[in-house]
Amino acid sequence: MTRHVVLIGMMGAGKTALGSELARRLRVPFRDSDAEIEAAAAMTISEIFARDGEAFFRAREEQVIARLLAGPVGVISTGGGAWMRAETRALIEGRALSVWLNCDPEVLWARVRQRPTRPLLQTADPKGTLLRLLAERAPVYAKADLEFLSRGHDSIEASAGRLLAALRRADPDLIEETS
Ligand SMILES: Nc1ncnc2c1ncn2[C@@H]1O[C@H](COP(=O)(O)OP(=O)(O)O)[C@@H](O)[C@H]1O
Ligand SMILES: O=C(O)C1=C[C@@H](OP(=O)(O)O)[C@@H](O)[C@H](O)C1
Ligand SMILES: [Mg+2]
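Residues numbered from 1 in each chain as written. Chains lettered and ligands numbered in written order. Predicted model: local features only at pLDDT ≥ 70, side-chain atom pairs only at ≥ 80, totals over all residues.

In the annotation of an unreviewed UniProt entry, the protein is listed under the name Shikimate kinase and assigned to Paracoccus aestuarii. Check the Sequence similarities (unreviewed entry) section of the UniProt entry for the protein; it says "Belongs to the shikimate kinase family." (UniProt positions renumbered as here; feature names shortened; annotations may be inferred.)

**Student:** Help me out: how do you make sense of the site of ligand 1 in this one?
**Tutor:** Close contacts around ligand 1 come from 15 residues, with Gly-14, Lys-15, Thr-16, Ala-17 and Arg-111 the closest. Looking at the shell around ligand 1, the elements that each hand over two or more residues are helix 1 (15-26) and helix 7 (156-170). If one sorts the elements of the shell around ligand 1 by residue count, helix 1 sits on top with four residues. Classifying every residue of the shell around ligand 1 gives five nonpolar, seven polar and three charged. (Near = placed C-beta within 6 Å. Helix = DSSP H or I, 4+ residues; strand = E, 2+ residues; numbered from the N terminus. Nonpolar A, V, L, I, M, F, W, Y, C, P; charged D, E, K, R; others polar.)

**Student:** Help me out: how do you make sense of the packing of helix 1 against helix 7 in this one?
**Tutor:** Helix-helix packing: each pair is described by the crossing angle between the helix axes and the interaxial distance. Where helix 1 meets helix 7, the closest approach of the two axes is 9 Å, and the angle between their N-to-C directions is 65°. Considering only the axes of helix 1 and helix 7, their crossing is right-handed. Where helix 1 abuts helix 7, its residues Ala-17, Leu-18, Glu-21, Leu-22 and Arg-25 lie against Ile-156, Glu-157, Ser-159, Ala-160, Leu-163 and Leu-164. Taken together, the residues of the contact of helix 1 with helix 7 sort by class into seven nonpolar, one polar and three charged. (Axes fitted to C-alpha atoms, helices over the stretch in contact; angles between N-to-C directions. Left-handed = near helix turned anticlockwise from the far one by under 90°. Contact = placed C-beta atoms within 7 Å.)

**Student:** I would appreciate a short explanation of the confidence of the model for the protein in the present structure.
**Tutor:** Do not read the predicted coordinates in detail wherever pLDDT is low. Scored by pLDDT, the protein has a mean of 97; 99% of the residues are at 70 or more. This complex was scored by the predictor with a pTM of 0.98 and an ipTM of 0.98. (pLDDT = per-residue confidence, 0-100.)

Written as structure tokens, this is what we have:
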């Protein structure tokens, strides 16, 4: 692969799940910025938000994404807010093909509602919070190089196959064929 593929988009869009499957198919390294932050801090994302706050988390997220972009070319899944920070976005824009995993709000909600792992959704009205974040963020997510629809009824395997085809179309030089 000639440059990183970076997945962006809302919580529940499938950045982590689909990114991992895409990397497996491409036989390139997979990195998830949230997992890297958790490993470096030896704390969960929720613990980092609770102890140090969102601003601290965003600064760490920028540092981790810079480190991942400097590493071996692969698939990088970001956390949903990473692309909203101008500095982080500029880093990604300079070194990667960015893909917005767009997703129907009801599908997002169905995927995140049972999970207590996302501190931004620990509100009195988590669905309302999710919809508000989506409305705020969608115009910025739309700046990605490529938009891909993460469909509710597709399996992760089917989505990965469709994403691979979309990547080949978007950049015919991205994936080097090996014999
Ligand atoms: N087609 C699909 N694409 C992506 N995720 C899917 C799909 N179908 C079901 N899922 C599930 O939806 C959830 C998506 O969450 P995750 O990958 O953590 O999203 P994100 O990292 O964008 O927040 C996972 O539990 C995954 O197994
Ligand atoms: O949208 C966001 O601001 C966040 C998304 C999460 O990652 P996922 O998008 O992988 O759930 C995680 O980084 C953190 O809870 C904040
Ligand atoms: Mg994720």
